[in-house]
Amino acid sequence: MRFQRVIQAVMLGMFLCLLYLAAYPLVLPMGTELFLRMDPLVLAGTVLSARTVIAALLPAVMVIGLSVILGRFFCSHICPMGTTIDLADRLLCPEKEFSTKSLPALPAWVRIVKYLVLFFILGSALMGISLVFLASPLSLITRLYGLIIVPVGSLLASMGLNLLRGAADLFGISLLPYISIDVPRYALQWLVIGIFIAVFGCAVYSPRFWCRNICLAGALLALCARKPLLRRRVDERCINCGVCRDLCPMEAIDEDPLRTRHQECIACLRCVKVCPVEAVTFTYRGRKRERIGYGFSRDRRKLVYAVVLGACTALVSLTGLSRLKGPDEPGQIVPSGLIRPPGALPEPDFLARCIRCGQCMKACPTNTLQPISLAAGFTALASPVITPARGPCEPLCNVCTQVCPTGAIRALSVSEKIWARVGTAVILRHKCIAWEHDRECLICDEVCPFDAVSLKRAEGLSVSVPFVDENRCNGCGYCEYYCPVTGRKAIVVEPMNALRLESGSFRDAAIEQGFSFEMRQTSQEDRQGQEMHLPGFEDSLPPGFTQ
Amino acid sequence: MNSRDFFSALISREQDSRHGLTRREFIVLQAKAAFVFSVNAAGLLVPAGACADAVPDIAVARGRPGPAARAAVNLLGGIGSFVRPGSKVVIKPNMSFARGPESATNTDPEVVRELFAMCREAGASKVRVLDHPLRPSEQCIEGIRDACRVFGDNTVQALEDSFFYQETQLPDAVKFRETDIMKDVLDSDVLIAAPVAKSHSSTGVSLSMKGMMGLILNRSVMHWRYDLSTAIVDLCTYLKPRLVVIDATRVLSTNGPGGPGKVLKEDTIIASRDMVAADAAAVQMFEWYGRKMHPRQVRHISIAHERGLGRMDVENLVTEKVQV
C-alpha cells in the first residue's frame, strides 16, 4: 500500500475519532475541532467576515504556509473529504478506477469556476456575510459524518444490540444488561444528503470531481501552490508513454507529460509510482519549462467581477427582513425558534463565524441543538438552535461551547455557562392542562433545574397552576421538553432576554440584570419564607391538597 | 414465624401471582398453609387473639436511616416474611433528582443499602434498584449507586430506553388501562417501595403510590389524558409493592417534589404492607406547608381507600413504634 494511502487512512481515522470524542462528557479538553481548524477556506472566509484575527484557526495558516513548500499535500493526505471521495469513487465506479482516459475533456472554463466562486464568497465575506458553510469541505464532511452517519450508525448499533440481547434472552443468558444506545435525530437531513448525492454522484464523471472543480479550499490552496518548492519534475528518462497523465486523479498533467499544472497537483505521488521508467520525482531541483499556468491575466477581470458580485449579494442579504442587528434595536423580527446555544456571540458576529459544521449538534448530549432551516433567512441556514421540544439544554454541560472551531459559541466553563441565558420560558395558558382544563399537572415545576416555575393557587381554579419567575429562568427548556401537552407545548422557551455577549463575564452581566440561576442542588437556601400563595389567597390550601 | 405471617405471605403471594409463582412454590405454600391451619385450629401454635397484636399494620421506627429501616421492617415480621430465598426483588426508591440527601428529594442511600442488604440476607437471588428519573440519570442515581456498589455492578439502574419496558394491561384499572412497565419489575417476585417523604405541588404528597410512576415509560399521558390522581390509583392496582418503607428521616415539607423547600428532620421510617396506609400515616404524621393535613385531603390516597386498595383510616389500624 502506498504511503499516501496509509496517511490518508490514519487521518480519516483521526478525524472520526475526534468527531466521536466531541461528545458529553468531553474527554479531550481541546482538539476535537482540529480538522475543522485546518480548513483554509474557513480561515479566509471567517477572518474576513468576522473582521478579526481568530487565533484558533492557526492550523489553517500552517496548512497554507506548508502548501507553498509541499503543494496541495493537504488535499491528498489529510482532508477527510478527499479521502471520503476517494472511497466513494472506488465504491461507485470501480471500472473507471483512477483513469480519466475515456472521458471527454471538460471545457476549459470549468476550471476557472471554482476560483470565481471562491472570490465571490470572499467578496461577500468582505461585507460581513459568511457563506463559507456552502462550500467548506471540512464543514461539509463533518456535517455528513456527524449528522447522517453517526445517527444511522447508532440506530444500527442499537437495533443490533437489541437483537443480540433478545437472542441471548431466549437462551436465558443476560447479555449486556442495561446498556442502551441513544440514537440522535437531526433536522435538515435533505440538505446534507442532497449535497453529498451531488458530490459522490460526480464520481461517474471523473475521480475527485469535487476536488478538481468545486472545492474552494482546494482553490485557495491552488493559489498558494502555483509553484511549490517541492513539485513534480520529470527527467530525461521519460518515454512519453502517458500513463501518469491518464492515471492522475486531478488531471494535473499536460498532454506533454513533462509539464504539470502544479496548482492542480495534490502531490498524491501516483505518477511517481506508475512511471515505468522512474522518471518522475518530487524534488526542489529540476529543469525549466515544466509548468503550465492558467494565464490568470485573462481572467483577472472575471475575478474582480466575482468579488464585486459577492459583495453586492451580501449587501442584498443585509437588507433582508430576517437580518438581525443589535438585541435592542426595534423593528426586528426574531423568529420564536431562534434560541442560540449558550455563549453564542451576538447574532451578526455569530453568523459571521458559524460555519455550520454541525460539531456542536453532534456533541450535544440531549440532541437539542438542531440545524435551523430558512426561518431566520438564507444566511442563517443550518446554524444551530436549541430545540427544547426535542431535548433540554443540560445546565451542567458545556460541550457545545468547547467544540466550536471558530468561536461562534464562546468557550465557557460550566459555572459560567449556567449564566449564559438562552431565552425565557413562557406559559401558554390556553394550552396548559392546569390553567385551561383545571386538572392536576406540575411537571414544569418538578423538572425545572432552577426552580423558576412554581405552582400557586389562582382564583376560579381548583388545582394549583404554574407561574414562571423570569429572573430565575435561563431558558434551558426542561419545562418545554417535559410538558405533556402535544403539538405546541403549553410552556415554551422564547428568545426573550437571551444574553449574547461578545466578551466579558456572563455571570456578571446576568447578575447585573437581576438574574439568579441557582441550581437546585447547589442552592442551600431555605426558600420557605418566600410567598407561596398569590396575594389574597393566604388562607388557601397548600398546593396539591384538597379540602 | 407465626401463622399471621404465613397467611399474609400466602395472600400476598396470590395477589401477586401475575408476578410469577412457580407451581412448586405454590404447592409448598399450600402445604404450609394447610399445616398452619390445622395446627392453629387445634389451638396449639398461638393463643387466639394474639395474631392481631403480633404484626402491626404500620411500623414506625425512629433513629439513623439504616438501623431505623431495619427496625421498621423487623416490626412487620422481618424481611423474611416478604422475601423468600431465591426470589427476585425490585426496590423502587425515589432517585429522580440530582441532589444530595439533605435536600430530601431523593431516598437516603443508606435506607436503600440497608434494604438491599436485608434482601440479600433473606436469600434473594436478584435485587435491582430501579427508577426512571427526570434529570440526567447518572447525576440522579449517583448517591444510591455508590451506596449499593458493594452488592455488585448493574444493581442500580435508571432505565430510559423503551427496550427495557413492556406493554402491560392494567386489568383492575378504571381509566388508565394500559402502560409500558419495566420488564425487570414484571419479572420480579417482590416489589419494595422505598420513597422519600415529600410534598408535591400537584398531588399534595409524593410517597409510595405516586412513586410507582417511576416504573413506567410514559408518565406524561397520566397527566394529559387522564385525571392524574385516578391514573395513579389505576397504576397502583397493578404495581402493588409487598413492602413499603417510607424514608421520613428528612421530610420535604414545602416546594416538593423538586425543592428546594423546608426540610423537616424527623428521623423516622414508616413501614407497612399496605401502601395506602403507609402513605396515609406519613401524611398524618408530619406538617405540610406548616399545617396538619388529613390523608383524605390527598386525592389519590382517598380514591385508593374508596376503591379498597388499602386503608387510609390509620386511627383504626395497629401502629407499633420503636426507637433505635
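Attention now moves to the overall build of chain A. Each helix and strand counted, chain A has 21 helices and eight strands in total. For chain A, the spread of C-alpha atoms along the three principal axes comes to 105 × 65 × 35 Å. In chain A, which comprises 547 residues, the proportion classed as buried is 55%. In chain A, 76% of the contacts between residues at least 6 apart in sequence involve partners at least 24 apart. Entry remark: accessible area of chain A is about 23800 Å², with carbon and sulfur atoms responsible for 63%. Side chains of chain A give 57 positive and 45 negative charges; the mean places of these two sets differ by 15 Å.

Our next topic: the overall build of chain B. Regarding its fold elements, chain B presents 12 helices and 14 strands. Counting all 324 residues of chain B, 62% fall into the buried class. Taking the intrachain contacts of chain B between residues at least 6 apart in sequence as the baseline, contacts between residues at least 24 apart amount to 72%. Taken as a whole, chain B presents about 11700 Å² of accessible surface, with 51% of it coming from carbon and sulfur.

The next point concerns the pattern of salt bridges. Within the structure shown, the criterion is met by 26 salt bridges over all chains. Linking A:R261 and A:D254 is a salt bridge whose minimum nitrogen-to-oxygen distance equals 3.8 Å. Taken as a pair, A:R261 and A:D254 share a single burial class, namely buried. Notably, a salt bridge pairs B:D184 with B:K126, separated by 3.4 Å at the nearest N-O pair. Of the two residues, B:D184 sits in helix 7 (residues 183-186) while B:K126 sits in strand 3 (residues 126-131), which places them 58 residues apart along the sequence. Given a relative accessible area of 16%, B:D184 falls into the buried group.

Moving on: the packing of aromatic side chains. As enumerated under the stated definition, the model contains 15 aromatic pairs over all chains in all. Consider the rings of A:F196 and A:F200, whose centres lie 5.4 Å apart with planes at 45 degrees: the pair is tilted. Residue A:F196 and its partner A:F200 are located together in helix 8 (residues 189-201), separated by four residues, close to a single helical turn. By the ring-pair criterion, three or more aromatic residues cluster together here, those being A:W419, A:F450, A:F515 and A:F517. Above the plane of the ring of B:F163 lies B:K183, whose end atom (NZ or CZ) is 4.2 Å from the centre.

All names here are of chain B. Closest axis-to-axis distance for the helix 5 (residues 109-121)/helix 6 (residues 137-147) pair is 8 Å, and the angle between their directions is 45 degrees. Viewed along their axes, helix 5 and helix 6 adopt a mutual orientation that is oblique. Judged by the sense of rotation from one axis to the other, the crossing of helix 5 with helix 6 is right-handed. Judged by residue contacts, P109, V112 and R113 of helix 5 engage G143, I144 and A147 from helix 6. Of the residues that constitute the contact of helix 5 with helix 6, the class distribution is four nonpolar, one polar and one charged.

Quick look at the interface of chain B and chain A now. Interfaces are often described in size by the accessible area the parts lose on coming together. Contact with chain B, which involves 50 residues of that partner, is made by 46 residues of chain A. Of the roughly 4000 Å² buried between chain B and chain A on both sides combined, carbon and sulfur atoms contribute 55%. Across the chain B-chain A interface, the total number found is one salt bridge. B:R299 is the salt-bridge partner of A:E440, the closest N and O atoms lying 3.1 Å from each other.

Another point: the packing of helix 1 (residues 3-21) of chain A against helix 5 (residues 80-92) of chain A. Residue and element names in this part refer to chain A. Where helix 1 meets helix 5, the closest approach of the two axes is 9 Å, and the angle between their N-to-C directions is 115 degrees. Considering the angle they form, helix 1 stands roughly perpendicular to helix 5. In the packing of helix 1 onto helix 5, the handedness of the crossing is left-handed. For the pair formed by helix 1 and helix 5, the contact residues are R5, Q8, L12 and F15 on the first element and P80, G82, T83, T84, D86, L87 and R90 on the second. When the residues that make up the contact of helix 1 with helix 5 are grouped by side-chain class, the tally is four nonpolar, four polar and three charged.

This part covers a nonpolar patch on the surface. All names here are of chain A. Taken together, the side chains of L66, V68, I69, L229, L230 and Y284 make up a nonpolar region of the molecular surface, amounting to roughly 540 Å² of accessible area. With respect to the secondary-structure elements, Y284 resides in the loop between strand 2 (280-283) and helix 13 (296-318). You can call Y284 exposed: its relative accessible area is 58%.

By size, the foremost hydrophobic cluster in this structure holds 74 residues, and its most contacted members are A:F35, A:F74, A:M81, A:L138, A:I141, A:F196 and A:W210. Residue assignment places this core across two domains, with domain 1 (229-294) and domain 2 (347-546) of chain A each supplying three or more. Excluding residues within four positions of it along the chain, A:F35 makes contact with A:M11, A:M14, A:F15, A:L18, A:I78, A:P80 and A:L138. Residues A:F545, B:L170, B:F286 and B:W288 belong to the second largest nonpolar core, which totals 63 residues.

For chain A, the mean per-residue pLDDT works out to 88, and 91% of the residues sit at or above 70. Considering only residues more than four positions removed or in separate chains, one finds that residues 522-538 of chain A, a stretch of pLDDT under 50, has 28 contacts.

Before going further, it helps to examine helix 11 (residues 275-285) of chain B. With nine of 11 residues buried, helix 11 of chain B is to be regarded as a mostly interior element. Where helix 11 of chain B is concerned, the buried positions are B:M275, B:V276, B:A277, B:A278, B:D279, B:A280, B:A281, B:A282 and B:V283.

All names here are of chain A. Mapped onto the elements, P449 comes out in the loop between helix 19 (443-447) and strand 6 (453-456). Given the relative accessible area of 1%, P449 is considered buried. For the pair formed by P449 and S503, sequence separation is 54 residues and the distance between their alpha carbons is 26 Å.

Here the focus is the side chain of A:H77. Residues and elements named next belong to chain A. For H77, the position within the fold is in helix 4 (residues 73-78). Taking the relative accessible area as the measure of exposure, H77 reaches 11% and is therefore buried. For H77, the side chain forms a polar contact with the side chain of S76, separated by 2.7 Å. Setting aside chain neighbours within four positions, we find H77 in contact with Q4, I7, Q8, M11 and A267.

Moving on to the environment of A:C312. Residues and elements named next belong to chain A. Relative to the assigned elements, C312 resides in helix 13. Looking at C312, the relative accessible area reads 38%, which means it is partly exposed. When the C-alpha positions of C312 and P466 are compared, they lie 50 Å apart, and in sequence the two are 154 residues distant.

All names here are of chain B. The predicted model of chain B averages 85 in pLDDT, with 84% of residues at 70 or higher. Looking across chain B, the model is least confident in helix 1 (residues 3-15), with a mean pLDDT of 45, and most confident in strand 7 (residues 190-194), with 97. Both scores are given for the predicted complex: the pTM is 0.83, the ipTM 0.75.

Next up on the list: unusual backbone geometry. Geometrically, the link from A:Y24 to A:P25 is a cis peptide bond, its omega value of -5 degrees lying close to zero. Secondary-structure assignment places A:P25 in the loop between helix 1 and helix 2 (40-50). A cis amide bond links B:G256 to the next residue, B:P257, at an omega of 0 degrees. Residue placement: B:P257 occurs in the loop between strand 10 (243-252) and strand 11 (263-272). The phi dihedral of A:L269 is positive, around 70 degrees, even though this residue is not glycine. Relative to the helices and strands, A:L269 is located in the loop between helix 11 (243-247) and helix 12 (270-274). On the accessibility criterion, A:L269 (35% relative accessible area) is partly exposed. At A:N367, a residue that is not glycine, the phi angle is positive and equals roughly 65 degrees.

Cut-offs applied
Residues numbered from 1 in each chain as written. Chains lettered and ligands numbered in written order. Predicted model: local features only at pLDDT ≥ 70, side-chain atom pairs only at ≥ 80, totals over all residues. Heavy atoms only, no water. Helix = DSSP H or I, 4+ residues; strand = E, 2+ residues; numbered from the N terminus. Buried < 20%, exposed > 50% of the residue type's maximum accessible area, 1.4 Å probe, protein only. Contact = heavy atoms within 4.5 Å. Areas by Shrake-Rupley, 256 points an atom, 1.4 Å probe, with all protein chains shown as cover. Lys, Arg positive; Asp, Glu negative; His and termini not counted. Charge placed at Lys NZ, Arg CZ, Asp CG, Glu CD. Salt bridge = Lys/Arg side-chain N within 4 Å of Asp/Glu carboxyl O. Phe/Tyr/Trp six-rings, centres within 6.5 Å; stacked < 30°, edge-to-face > 60°. Lys NZ or Arg CZ within 6 Å of the ring centre and 35° of its normal. Axes fitted to C-alpha atoms, helices over the stretch in contact; angles between N-to-C directions. Parallel < 35°, antiparallel > 145°, perpendicular 65-115°, else oblique. Left-handed = near helix turned anticlockwise from the far one by under 90°. Nonpolar A, V, L, I, M, F, W, Y, C, P; charged D, E, K, R; others polar. Buried area = accessible area lost by both parts, 1.4 Å probe. Patch = residues over 30% accessible without salt bridge, like charges linked within 9 Å, V, L, I, M, F, W, Y side chains within 5 Å. Core = buried A, V, L, I, M, F, W, Y, C linked by side-chain atoms within 4.5 Å. Domains from an automatic or database assignment. pLDDT = per-residue confidence, 0-100. Polar contact = N/O pair within 3.5 Å; in protein donor to acceptor, adjacent residues only side chain to side chain.

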